[in-house]
Amino acid sequence: MCEMSEEYRESAPKGSPPPRLGTRDQKCVKCKEGLPVVVIRAGDAFCRDCFKALYVHKFRAMLGKNRLIFPGEKVLLAWSGGPSSSSMVWQVLEGLSRDSAKRLRFVPGVIYVDEGATCGQSSEDRAKTLAEVKLVLQTTGFPWHIVALEEVGRPSLFEGLGVFSLPPSVLRCFAQEPVGTESAYKAAVDSFLQQQHALGADGVERQSQHCAQDPHSPAGPPTTAQTQALSRLFDSVKTLTAKEELLQTLRTHLILHVARNHGYSKVMTGDSCTRLAIKLMTSLALGRGAFLAWDTGFSDERHGDVVVVRPMREHTLKEVAFYNRLFAVPSVCTPALDTKAPEKASIHRLMEAFILRLQAQFPSTVSTVYRTSEKLVKAPRDGCVAGPRCLLCMCTLDVDTADSATAFGAQTSHLPQMQPPVTQAGVAAGPCCCAGMGGGPSCYRGEDPRAQVMEQLCYGCRVNMKDLPSLELLPPYILSEAQIRSQRATAEQEVQEYLLGDSEDEARTGES
Amino acid sequence: MAAPLSVEVEFGGGAELLFDGVKKHQVTLPGQEEPWDIRSLLVWIKKNLLKERPELFIQGDSVRPGILVLVNDADWELLGELDYQLQDQDSVLFISTLHGG
């Protein structure tokens with residue numbers, strides 16, 4: 001012990017800054033010879049080449065160890081123009097062009113969603129951004145899709161794209177294909193390699209270059225009517241938090257629809273480690289604790305046939321920014337909903353500021369939150385077979401209407417007249433149901449469309465929808481799907497009542 | 001007495017939105033008693049370049065957490081952060097990691 005303290009005294013000269021702020025005389029911790037350019041984690045300095053190797057290795061290891069993406073599979077890359085997704089697209093581009101043994105083996109496409117209408121951008125600005133976006137997309141050589149969030153459907157020729165023309169089927173979960181086992185994955189890789197040998201080394205490139213143009217890109221910009229409808233929707237939302245959540249929901253639905261239309265079975269998003277840590281904490285604050293594993297895990301299979309994958313989840317934003325700068329990765333910066341918003345404008349911003357400030361003093365904050373998120377397990381609730389799904393986020397509903405003991409359960413209780421609900425301090429179940437705000441009782445369902453929608457949402461989505469005073473502004477596919485489900489539920493209930501009536505009669509006659 | 005310094009200040013990752021959208025600024029820092037370091041550069045930027053919302057760029061005497069600083073394409077953590085003394089023809093780059101995804 002005494003020896004160690006002596007050594008410390010010797011190595012730290014008087015009045016110098018703490019060891020964390022090293023000098024340029026440090027060497028790269030990996031190769032021990034290069035001049036370091038970046039500090040990752042807590043104090044590890046890397047030179048340019050070792051940093052690149054580490055970065056690329058992380059990306060490929062993340063894809064490799066999860067073994068979800070089969071060779072030859074069509075994968076849609078969700079590109080927002082921002083640094084993380086740009087980096088992801090670049091990694092895929094580089095990964096596909098390597099020598100055959102280590103090459104990435106899937107078939108990518110890129111989608112860019114133009115969200116300018118939500119933050120009130122003028123059409124000139126949007127056109128300018130789209131021109132930059134097209135330029136970048138063309139350099140990738142992948143088939144690309146540019147979709148505006150509010151596009152109206154074009155008659156006959158092209159499939160309508162945009163949230164005002166989505167079909168209600170986008171909200172349904174299709175049957176899942178069973179996830180391949182380890183041996184199935186290996187077999188798939190082997191057969192793919194054999195095919196490649198037969199076709200010739202550049203069989204895959206030829207295929208992808210064929211459709212480098214987007215065959216379904218619509219003829220022109222979205223009409224003013226649709227843009228106005230979307231602006232009206234977003235202007236009516238009272239808080240920035242709800243706006244951000246709504247935007248995310250609509251964007252997910254749109255990307256899902258495009259993926260299904262064009263045969264993509266996977267979607268890759270560029271969520272980085274930092275963003276996922278912030279998202280985890282934000283989700284907890286928003287009441288989405290039940291779905292953390294799906295919201296922040298590597299794979300998200302809630303939609304059934306299309307799986308969302310997050311390959312960038314081990315890269316911190318600092319690493320991404322450095323990589324993009326050092327290796328000239330193109331990105332397009334567009335203003336978003338929360339640009340220049342003050343710190344307390346929304347829960348997302350607040351949580352971002354909290355985590356980043358904590359990270360500045362305790363550099364292991366983000367990685368600790370990330371490691372915690374890795375431990376989350378996607379297990380179904382006890383005694384629940386695949387139950388109904390939330391209308392908006394498509395996660396299995398976490399609302400237990402039979403649980404009348406909690407304030408929330410009282411709010412959503414279906415039969416307020418028959419069972420006197422247990423009231424918690426300050427919460428009366430009667431007025432709540434009558435206000436049509438919480439889950440509506442079955443007797444109100446037909447009359448109150450708001451209740452009809454609300455009772456099909458999970459807790460987190462309900463809380464968000466409270467900030468949207470008029471649900472009629474929502475895109476039609478959401479409202480129609482709500483009505484379809486509600487009608488189906490009523491029909492099922494009627495059939496149930498009929499069946500129960502029979503067995504109750506039998507029981508009574510049996511007893512008496 | 002430090003001589004005037006010619007320094008290139010660049011903003012990226014969305015930070016340029018606070019500076020009228022201009023990414024690169026060639027600035028000449030006037031001569032002064034103490035040598036110029038990043039700390040005093042930030043004060044100078046706040047007074048002369050920053051057009052709006054200073055709290056989105058600067059917090060206290062340092063940059064807001066989430067904004068990376070590179071000097072001559074190297075992490076400022078390797079150079080002493082705020083205490084790094086600027087040399088003539090240095091290039092300081094501020095990248096915001098908070099914008100976009």
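All residue numbers refer to positions counted from 1 along the written sequence of the respective chain. For naming, the first written chain is A and the first written ligand is 1, with later ones following in the order written. In view of the model being predicted, local features appear only for residues whose pLDDT reaches at least 70, and side-chain atom pairs are presented and counted only at 80 or more, with totals across whole chains, interfaces and linings using the full set of residues. With hydrogens and water stripped out, all remaining heavy atoms of the structure feed into the side-chain values.

Where UniProt is consulted, chain B appears under the name Ubiquitin-related modifier 1, with the organism given as Bos taurus. UniProt positions are given in the numbering used here, feature names are shortened, and annotations may be inferred rather than shown by experiment. What UniProt states about chain B under its Subunit heading is, verbatim, "Component of a complex at least composed of URM1, CTU2/NCS2 and CTU1/ATPBD3."

For chain A, the name recorded in an unreviewed UniProt entry is Cytoplasmic tRNA 2-thiolation protein 2, with Ovis ammon polii as its organism. Check the Pathway (unreviewed entry) section of the UniProt entry for chain A; it says "tRNA modification; 5-methoxycarbonylmethyl-2-thiouridine-tRNA biosynthesis." Entered under Sequence similarities (unreviewed entry) in the UniProt record, the comment concerning chain A runs "Belongs to the CTU2/NCS2 family."

**Student:** When you look at the sheet that holds strand 3 (residues 74-78) of chain A in this model, what are you seeing that I'm missing?
**Tutor:** In a beta sheet, neighbouring strands are held together by backbone hydrogen bonds and run either parallel or antiparallel to one another. Residue and element names in this part refer to chain A. Across the sheet, which stays open at both edges, the 6 strands sit in the order 5-4-3-6-8-7 with mixed pairing between neighbours. Edge positions in the sheet fall to strand 5 (144-148) and strand 7 (299-300), since each of these pairs with one other strand and no more. Strand pairing is assigned whenever DSSP identifies at least 2 bridges connecting the two strands. By definition, any uninterrupted DSSP run of H or I lasting at least four residues is a helix, any uninterrupted run of E lasting at least two residues is a strand, and each is numbered from the N terminus. Two strands pair when backbone bridges link them, and strand 3 and strand 6 (residues 266-269) are joined in this way by 4 bridges, in the parallel orientation. For Val75, the partnering residue across the bridge sits in strand 6 and is Lys266.

**Student:** Looking at this structure, how should I read the domain arrangement of chain A?
**Tutor:** By a widespread convention, an interface's size corresponds to the accessible area lost as its parts come together. Residue and element names in this part refer to chain A. Residue ranges assigned to each domain were obtained from an automatic or database domain assignment. Domain annotation for chain A reports domain 1 (67-374) and domain 2 (407-500). We call two residues in contact whenever any of their non-hydrogen atoms come within 4.5 Å of each other. Counting residues at the interface gives 23 residues for domain 1, matched by 20 residues for domain 2. As a working definition, buried area equals the accessible area (1.4 Å probe) given up by two parts on being put together, with both sides summed. Of the roughly 1,800 Å² buried at the junction of domain 1 and domain 2 (both faces included), carbon and sulfur atoms supply 66%. Considering only the side of domain 1, the residues that lose the most area to domain 2 are Pro168, Leu171 and Leu233, jointly responsible for 24% of the buried surface there. Any Lys or Arg side-chain nitrogen found within 4 Å of a carboxyl oxygen on Asp or Glu counts as a salt bridge. The tally of links between domain 1 and domain 2 comes to 0 salt bridges.

**Student:** It is not clear to me how the packing of aromatic side chains should be interpreted in this structure. Could you clarify?
**Tutor:** Geometrically, a pair of aromatic rings is defined through the distance of the ring centres and the angle of the planes. All names here are of chain A. The rule is short: rings of Phe, Tyr and Trp, with Trp giving its six-membered ring, pair when the centres are within 6.5 Å, and they are stacked under 30 degrees, edge-to-face over 60, tilted in between. By the definition in use, this model includes 10 aromatic pairs over all chains. Aromatic pair Trp79 and Tyr112: ring centres 5.7 Å apart, planes at 55 degrees, arrangement tilted. Of this pair, Trp79 sits in the loop between strand 3 and helix 3 (83-96) while Tyr112 sits in strand 4 (residues 107-114), and the two are 33 residues apart along the sequence. A 1.4 Å probe rolled over the protein chains alone gives each residue an accessible area, and that area as a share of the maximum for its type sets the label: buried under 20%, exposed over 50%, partly exposed in between. What makes Trp79 buried here is its relative accessible area of 4%. When the ring of Tyr323 is compared with that of Phe327, the centres are 4.8 Å apart and the planes differ by 40 degrees; the resulting orientation is tilted.

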